[in-house]
Amino acid sequence: MRAAWQRKGGLSSPPGTDWPDQSSPGQGRPDQTRSDQIGAGQAGPEQRRGRMQQATLNNGQTMPMLGLGTYTLSGSSGVDVMLDALELGYRLLDTAKMYGNEHEVGQAVLESGLARREIFITSKLNRPCASYQKARQGIATSLEALQTDYIDLMLVHEPYEAWEEMYQALEDAVAEGTVRSIGISSFGLERCKRLYAQCRITPALNQLENHIYFQQDSLVGWLKEQGTCVQAWSPFGEGRAGICSHPVLTATGRKYGKTAAQVALRFLVQRGIAVVPKSSHRQRLAENMAIFDFQLTEEDMQVLQDMDTGKSLFSWSWI
Ligand SMILES: NC(=O)c1ccc[n+]([C@@H]2O[C@H](COP(=O)([O-])OP(=O)(O)OC[C@H]3O[C@@H](n4cnc5c(N)ncnc54)[C@H](OP(=O)(O)O)[C@@H]3O)[C@@H](O)[C@H]2O)c1
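Small disclaimer: the values here were computed from a predicted structure and weren't measured. (Residues numbered from 1 in each chain as written. Predicted model: local features only at pLDDT ≥ 70, side-chain atom pairs only at ≥ 80, totals over all residues.)

Q: Help me understand the overall build of the protein in this model?
A: Scanning the protein from N- to C-terminus turns up 13 helices and ten strands. When the 319 residues of the protein are sorted by exposure, 49% land in the buried category. In the protein, 72% of the contacts between residues at least 6 apart in sequence involve partners at least 24 apart. (Helix = DSSP H or I, 4+ residues; strand = E, 2+ residues; numbered from the N terminus. Buried ≥ 20, exposed ≤ 12 C-beta atoms within 10 Å, placed from the backbone. Contact = placed C-beta atoms within 7 Å.)

Q: Before we go on, may I ask you to explain the site of the ligand in this structure?
A: Taken together, 26 residues sit near the ligand, with G69, Y71, W233, G239 and K278 positioned nearest. Top element by residues in the shell around the ligand is helix α12 (residues 282-289). It accounts for three residues. Among the residues making up the shell around the ligand, the classes are represented as eight nonpolar, 13 polar and five charged. (Near = placed C-beta within 6 Å. Nonpolar A, V, L, I, M, F, W, Y, C, P; charged D, E, K, R; others polar.)

Q: Explain the packing of helix α5 (residues 102-112) against helix α6 (residues 132-146) here, please?
A: When two helices pack together, their arrangement is captured by the angle between the axes and the distance separating the axes. The N-to-C vectors of α5 and α6 enclose an angle of 45°; their axes lie 7 Å apart at closest approach. With respect to α6, the axis of α5 lies oblique. Seen from α5, the contacting residues are E102, H103, V105 and G106; seen from α6, they are S142, A145 and L146. (Axes fitted to C-alpha atoms, helices over the stretch in contact; angles between N-to-C directions. Parallel < 35°, antiparallel > 145°, perpendicular 65-115°, else oblique.)

Q: Sorry, what's going on with the sheet that holds strand β8 (residues 205-209) here?
A: Strand pairing in a sheet takes place through backbone hydrogen bonds and is either antiparallel or parallel in direction. Spatially, eight strands are ordered β3-β4-β5-β6-β7-β8-β9-β10 in an open sheet, and the strand pairing comes out parallel. For this open sheet the edge positions go to β3 (68-69) and β10 (274-275), each flanked by a neighbour on one side alone. Running at roughly 145° to strand β5 (residues 120-125), α6 makes contact with β5, β6 (151-156) and β7 (179-185) of the sheet. (Pairing = 2+ DSSP bridges.)

Q: What should I look at first to understand the environment of V156 in this one?
A: Counting through the fold element by element, V156 comes out in strand β6. For V156, a count of 28 C-beta atoms within 10 Å puts it in the buried group. C-alpha separation for the pair V156 and N206, spaced 50 residues apart in sequence, amounts to 9.4 Å. Apart from the residues within four sequence positions on either side, V156 is in contact with L125, W163, M166, Y167, I184 and S185.

Q: For this particular structure, what's the right way to read the pairing of strand β9 (residues 229-233)?
A: For a regular strand, side-chain orientation follows a simple rule: the groups alternate between the two sheet faces. Extensive coverage of β9 is indicated by the burial of five of its five residues. Residue alternation in β9 divides its side chains into two sets, C229, Q231 and W233 and V230 and A232, and both sets are buried. With five bridges joining them, β8 and β9 adopt parallel strand pairing. Looking at β9, one finds that N206 is bridged to V230. Once the chain exits β8 it traverses helix α9 (residues 217-226) before rejoining the sheet at β9, and the crossover so formed is right-handed. One ladder, built from two bridges, connects β9 with β10; its direction is parallel. Note on β10: the bridge partner recorded for A232 is V275. (Right-handed = clockwise from strand over helix to strand, strands pointing away.)

Q: Explain the pairing of β8 here, please?
A: With five of its five residues buried, β8 lies for the most part within the structure. In this sheet, β8 lies alongside β7 in parallel orientation, the contact comprising three bridges. Bridged to I184 within β8 is N206. As a crossover connection, the stretch from β7 through helix α8 (residues 189-198) into β8 is right-handed.

Q: I'm lost on the environment of P128 in this one. Help?
A: Its place among the elements puts P128 in the loop between β5 and α6. Along the primary structure P128 and M98 are separated by 30 residues, whereas in three dimensions their C-alpha atoms are 9.4 Å apart.

Q: Looking at this structure, I do not really get unusual backbone geometry. What am I missing?
A: Phi is mostly negative for residues that are not glycine, and the peptide bonds are mostly trans. At Q147, a residue that is not glycine, the phi angle is positive and equals roughly 55°. Inspection of the secondary structure assignment puts Q147 in the loop between α6 and β6. Non-glycine residue S186 carries a positive phi angle of around 60°.

Q: Would you take a moment to explain the packing of α6 against helix α7 (residues 163-176) for this structure?
A: For the pair α6 and α7, interaxial distance at closest approach is 8 Å and the crossing angle is 45°. Between α6 and α7, the angle falls in the class oblique. Between α6 and α7 lies a crossing whose hand is right-handed. Between α6, through Y132, A135, R136 and I139, and α7, the contact on the second element is made entirely by E165, M166, Q168, A169 and A173. (Left-handed = near helix turned anticlockwise from the far one by under 90°.)

Structural data, given as structure tokens:
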């Protein structure tokens, strides 16, 4: 089953795509999304319109501050969720070779009827790509699976032993035009310092575990000083620690007419951290993107900052 606007006969652009796309910053239909129904809190005029914020990467490329995490979204039901997200206005899909769903992401992009340039695709090289040649091959197979001739952002998924060679393969892909921006994921400070001392292209982005319980302030601060964008993976802790029903976040959200999930995401975005939450439910997809029309006060930000435990929720974490 496809998203409603698809089933109705394939509009060239889905209804409700209120957010400006990368090719035409500042453009966009007047917003009629759920974000307007939920209440504007203390938003300024720009935020009241619920406009998707864009990050500018260190090479000038723009990237939506919020995208869809696609881990576990696969098969035709996965494509349906991605189509729902694109219909609602998501313009970033975060995939990885490890997720085994690059083909589904490519399929959703094609079926959406949106121009390829309107959608920001992130993918990641996994352990089987852990050498220069294997990484080169991995980039080629990702392009094929995604059914595209370029990937917006490609990351070394984790600091595997051959990460230096993998990163060099990404640098060469940028020169060849098959990858626009490159970066890393789950690289801690020491590995970052080694990489930054030797790389030809400074990483545009480091995708890190980041949520109210694990805020990684010093690493985030260092990356920002280098001009590297930070993007939070598992901004809800993969649903493990009750973030979306936490009483403090729920009470905070009530003041703004928002949910705990929205507060959790807004907290990150307000710290300048991009987010890729995953949901397989349309209503939650809409809820999760309705975070650009309110602003948490400094006092509320401080309360949330104090919830940091300094500990990862994931035993396999590299950091
Ligand atoms: N680079 C890396 O190493 C790495 C590691 C992990 C993840 N990631 C990326 O980050 C993305 C997000 O992380 P994640 O998928 O692990 O988990 P997440 O986004 O932190 O949390 C997803 C969980 O939260 C639930 N949820 C979503 N929206 C909700 C809402 N509004 N209210 C209540 N519950 C809600 C989802 O349930 P439903 O689906 O049932 O709504 C799901 O159980 C991944 O999909 C992937 O793209 C990257």
